[in-house]
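# Observations on chain architecture
Next come the chains, spelled out residue by residue.
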Amino acid sequence: MSMDKASADCPYPGCFFCVMKEGNPSKRRASILKFFRELPSQDDDGQVLPISGLWNTAMAHPNDPEFIELGIFECMSALIWKGLKNRRWLSHDQNIYIPYYAAHIIGSYTMNMEEFAERAVRAGIIPPLVELLRGRLTWVEQRVAVRALGHLATYASTFPAVASQGEILELSIQLAMSSLEIVYSHFYQYVDRRLSYHCDLLTRGMGGVEMESRKAEEWASQLQCWSLQLINCFSFKPEFLPTICKPEFLTKLPGMWGGLVNENSPAGIGLLRTICHHKLGRGPVAACPGIIEALCNIARSSDDWQYMAIDCILWLLQDPSTSHKVIEKAVPALVDLAEISSLGDHKKLGDSIVNVLQECIESQGTGRTQINSHVKEEVEELLNSKQRLKWEKNMPKEDLHIKQAAALVVKLEGNSLFSSGNISGAAAKYSEALALCPMRSKKERVVLYSNRAQCHLLLQQPLAAIGDATRALSLHNPVNRHAKSHWRRAQAYDMLGLAKESLLDAILFINECSQSNDPDLSLRKNKVPDYAERFVKKQMRAAWLFREAAIKHGGVQCEGDAGDMCGQETDDSEWETASESEIGNEERDEIGDDICGWENEVERKDKYKKASIKGNLIPNF
């Protein structure tokens, strides 16, 4: 890659890195401009070195206009085309890396600056990126191509140029659905078939199959999430919704969660929220029962995207054309969440939920919705509790203290029944205590809901346990920060085979324990308890990003419930479905008496078995 000027200390005449050290600004700019113009037509060895240097610069200084003004987009576009058209050149030396770096450079420089994106479009970078998106090379280049196109699609001035390439949306949808299988089958599954340059890119020189595999999971997740981000840009325009809202794609969206390796992306739920914001999108979403169930699970969850699922449900219920299709599944989820005061930027979210639920009740008889008696009772009970709160504001403090004391007495009766093995009786007492307990006594109500959730677990009623644990978490201050409710809900989700939801709650339980001042809850020496570690490992195997692809390609043998992963690492030890016994024998909640631990391990397991309807609540995994 010869240039006019050479450094006396450099063995390569006209080295690009030497040019970058040029002290004269005008000479430096002229040399860089010449380099960008001549590089695509040269076939010298070592071309990947300056390209990787440009990649590092683009990553570190994406808002610097110097290279933009000197023609870097034109150069990168030409290099991608060269790699696509000239396979001899591509396979020579280390040129195989160049299309990847070129597309990554384009994506970095268009990430933040709309004016840079406009120059990139004028430089003709969209057609070669589309070729990479088609899979003309490999999934690694697809990943950086969809990233760059996603950035271009976010700007009002450059979106039309992206949208004019009609196949981009279809390609992105197919890539979102197939990306995990592509990476698994082309890279993860067979070590001896991996392309060496993929391994180098994934590890950046730090080798090892384990590191490559972990990075492959992260990149596969990014490939899917960036595809969803690109689709999301299209979904803001109603004219593209018919293409997006096809059942085969919509039904897969809730499962595209990004994984723990890509927790900063809203993934499928972010796209669903955009779709549900449009009336044209709500109809197809409401027509897929699986999506509504998934939205309810996400709405009850405690992750950063909980509010997105709640928004979707509220919009679906407020739309007369979709309300009747979703009401039976959506209303119970919202009832559990009605005590949330605020969630992130959503202020008075609980009030908004109550208002929508009240509208659902009032719409009875208008032809808009038909609510079954059980759902109607749940909503009316919620509305009555809100009325109770208003009445309590005018009650004398002495009367409130009497009600609170009465609730405490009944709760202690429930604890006693629980300790004796009468689980259904204990649950009834906690319900009675909730009816007595003042609405403003939120701390006490958190304990009662969480205790009742424990009973539902032992009675093998996971849906009821999830509802009560969610109510406890919604009431808690700060919201979603009650460790025991996370643990109980994690176990309830596990009963239903919902590994992802169970995993997230188990992780939140561990996080809360690590920050707790309660000696029974705090993690001793920051060590995760064995029972929690085993549980998390189990759910991580079941929620593995490549699980579905592995099953399809014979990499994982499964039997039984969806949450049971076989053919992976196994653990024959036992865990207690509804006990925090290993947390401490004399367990106390931060707000008073909670369900106490058992006296010893053997007696505890015997009593759990007696309380179980089916007899065995201690499964092996």
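Anything mentioned here points back to the structure above.
Residues numbered from 1 in each chain as written. Predicted model: local features only at pLDDT ≥ 70, side-chain atom pairs only at ≥ 80, totals over all residues. Heavy atoms only, no water.

### Some details on the packing of helix α24 (residues 397-419) against helix α26 (residues 442-458)
α26 packs onto α24 with a crossing angle of 25° between their chain directions and a minimal axis gap of 12 Å. Relative to α26, α24 is oriented roughly parallel. Here α24 and α26 pass one another in a crossing that is left-handed. Across the interface between the two elements, Q404, K411, N415 and F418 of α24 pack against E444, V447, L448, N451, Q454, C455 and L458 of α26. Of the residues that constitute the contact of α24 with α26, the class distribution is 5 nonpolar, 4 polar and 2 charged. (Axes fitted to C-alpha atoms, helices over the stretch in contact; angles between N-to-C directions. Helix = DSSP H or I, 4+ residues; strand = E, 2+ residues; numbered from the N terminus. Parallel < 35°, antiparallel > 145°, perpendicular 65-115°, else oblique. Left-handed = near helix turned anticlockwise from the far one by under 90°. Contact = heavy atoms within 4.5 Å. Nonpolar A, V, L, I, M, F, W, Y, C, P; charged D, E, K, R; others polar.)

### Some remarks on the packing of aromatic side chains
For the structure on display, the rule yields 23 aromatic pairs. Joined through ring pairs, the aromatic side chains of W55, Y97, Y100, Y101, W139, F187, Y197 and W219 make up one cluster. Stacked on the ring of W219, the Lys or Arg R143 has its end atom at 3.8 Å from the ring centre. (Phe/Tyr/Trp six-rings, centres within 6.5 Å; stacked < 30°, edge-to-face > 60°. Lys NZ or Arg CZ within 6 Å of the ring centre and 35° of its normal.)

### Description of unusual backbone geometry
Cis peptide bonds are those with omega within 30 degrees of zero, and the linkage from N477 to P478 qualifies with 5°. Looking at the element boundaries, P478 is found in the loop between α27 (462-475) and α28 (483-495). In this structure, A267 takes a positive phi of about 50° despite not being glycine. Mapped onto the fold, A267 is located in helix α17 (residues 267-277). Since its relative accessible area comes to 6%, A267 is described here as buried. Phi at N480 takes a positive value of approximately 60°, unusual for a residue other than glycine. Structurally, N480 can be placed in the loop between α27 and α28. (Buried < 20%, exposed > 50% of the residue type's maximum accessible area, 1.4 Å probe, protein only.)

### As for the environment of G283
Mapped onto the elements of the fold, G283 is located in helix α18 (residues 279-286). As a C-alpha pair, G283 and K325 span 42 residues in sequence and 9.3 Å in three-dimensional space.

### Here's the deal with the side chain of Q142
Relative to the helices and strands, Q142 resides in helix α10 (residues 139-153). Once residues within four sequence positions are removed from consideration, Q142 is found in contact with L132, L133, R134, G135, L175 and L223.

### Structural notes on the side chain of R488
Within the fold, R488 resides in helix α28. Here the side chain of R488 touches S450 through a polar contact of 2.6 Å, side chain to side chain. (Polar contact = N/O pair within 3.5 Å; in protein donor to acceptor, adjacent residues only side chain to side chain.)

### Observations concerning the pattern of salt bridges
Within this structure, the stated rule accounts for 26 salt bridges. We note a salt bridge from E181 to K552, for which the minimum N-O separation is 3.3 Å. You can see E181 sitting in helix α12 (residues 167-188) and its partner K552 sitting in helix α31 (residues 547-552), a full 371 residues away along the chain. Classification of K552 by relative accessible area gives exposed; the value is 61%. For D319, the salt bridge is made with R282, and the minimal N-O distance between the two is 2.8 Å. Placement of the pair is D319 in the loop between α20 (306-318) and α21 (323-337) and R282 in helix α18, with a sequence separation of 37 residues. With relative accessibility at 3%, the residue D319 sits in the buried group. Taken together, the shared-partner salt bridges connect E131, R134, R136 and E167 into one network. (Salt bridge = Lys/Arg side-chain N within 4 Å of Asp/Glu carboxyl O.)

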